[in-house]
Amino acid sequence: MSSAATNLASGARPQDVFGEDSTLEEAQRVYRELVLEVHPDRLPADATEAEQAEAAEAFMRLTSLWKIAREMFNRGTWADPGLAGLTVKSRKRSHLIGSRLERGDIADIYTCGAGVIKIARSPRDTDLMRREVTAIKKIRRDADPVNHVYLPRLVDALRVKDSSRVERQANVFDGMLVNRPENSGQWATLADVIEAYPDGIDPRDAAWMWRRLLVAIGIAHDAGIVHHAVFPEHVMILPPEHGIVLVDWCYSSDVGLPPVAVIPRYREWYPEEVAAKEPSLPETDVALAARTMIAVLGGDPVSTTLPPSVPRGMRSYFRACTLKYASQRPGDARRLTNSFDDLIERLWGPRRFREFHLPPKTTNRAYAHDARERKERV
């Protein structure tokens, strides 16, 4: 085995191969030199099958690490690689961890061959990460397959050990979210929508977002699961197709059991029953989802006030979804959808498809997730 092939086989990170302190140009020069050294076409004509296999493996490893290196340089994470370049294995498959997409107090999100891998920042959050796995599997098992598009597709779940041998939970998701690779770059979150349109979007555009969000929480409730974190960052939309996926199920709880954690910066969004540690109810998700839509419409999600540009009937509708006590609020997502359909038909007539556009900088997200959140046990 050549020295270059040995380094590629033993190097756990792109920095180990291309240089810890390299610039992009310096790393690219190293890459080109290594290509000339390990490319299978550079083997002599009398190379053995073992030597050919060795060269092919080294070249594949080189190209994989170079892809990760370029992503890291583009995202500015070269100086802080985290677990990038590490290969981790479960009982089902192995995953090469790519560049980091997001970083936060609960989890780091990295690219990987299967899509994205979400890795807990601390072993203490293993229960929250496992909770996500359990919730998604249960909902998918109980839901009509046609509704699976409202959920992230869990590819794998495993334990990851870093160089310190610290073991943490990792969940792997299909980064495309839907089986349409050509549209994978057009996903955005409702947080992106709020950032792009701080004064609110047209209520007619909010209508399809709300209807699909109701479907997403409704299928969870049918499976006996309350999401408990229906906030803007966790609602992903695909504008061209009016698609929605509800992500981050780490805070979920079975109906009837109290929540285990909250996100402090959203403390004022949570309804009374959460602070009181009462049993989880579908009405909680309805309240949080409604506050999220109030923010999308340019309103105040805490006071639940909406701007005059929102029709009076819609303002009353969302006010009813955010009343103080769970006993006062609706919790049946299907009934809420039916009543909302009646409302928008009275306002605008029969439903028609409306194109919704976001500025380019808010699209092309690989996979938004919960990594920026700070949790608090309850």
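The structure this text deals with has already been given above.
Since the model is a prediction, treat every value here as computed from it, not as a measurement.

Cut-off values and rules
Residues numbered from 1 in each chain as written. Predicted model: local features only at pLDDT ≥ 70, side-chain atom pairs only at ≥ 80, totals over all residues. Heavy atoms only, no water. Phe/Tyr/Trp six-rings, centres within 6.5 Å; stacked < 30°, edge-to-face > 60°. Helix = DSSP H or I, 4+ residues; strand = E, 2+ residues; numbered from the N terminus. Buried < 20%, exposed > 50% of the residue type's maximum accessible area, 1.4 Å probe, protein only. Pairing = 2+ DSSP bridges. Contact = heavy atoms within 4.5 Å. Axes fitted to C-alpha atoms, helices over the stretch in contact; angles between N-to-C directions.

Topic: the packing of aromatic side chains
Right, on to step 1. Under the counting rule described, the total for this entry stands at 14 aromatic pairs.
Right, on to step 2. Arranged with centres 4.9 Å apart and planes meeting at 10°, the rings of Tyr31 and Trp66 form a pair that is stacked. With Tyr31 in helix H3 (residues 24–38) and Trp66 in helix H4 (residues 49–75), this pair connects stretches of sequence that are 35 residues apart.
Right, on to step 3. According to the relative accessible area criterion, Tyr31 is buried, its value standing at 18%.
Right, on to step 4. Ring geometry for Trp210 against Phe318: centres 5.0 Å apart, planes inclined by 75°, an arrangement best described as edge-to-face. Here Trp210 is found in helix H7 (residues 203–222), whereas its partner Phe318 is found in helix H10 (residues 312–321), with 108 residues between them in sequence. The exposure classification of Trp210 matches that of Phe318, with both residues buried.
Right, on to step 5. Members of the aromatic cluster, each reached through a chain of ring pairs, are Trp210, Tyr317, Phe318 and Phe340.

Quick look at the sheet that holds strand S7 (residues 188–189)
Right, on to step 1. Taken in spatial order, the three strands of this open sheet run S7-S9-S10, and their pairing is antiparallel. Unpaired on one side and paired on the other, S7 and strand S10 (243–246) mark the two borders of the sheet.
Right, on to step 2. Where strand S9 (residues 235–238) meets S10, four bridges bridge the pair, whose relative direction is antiparallel. Along S10, the bridge assignment pairs Ile237 with Ile244.
Right, on to step 3. Lying over the sheet, H7 contacts S9 and S10, oriented at roughly 40° with respect to S10.

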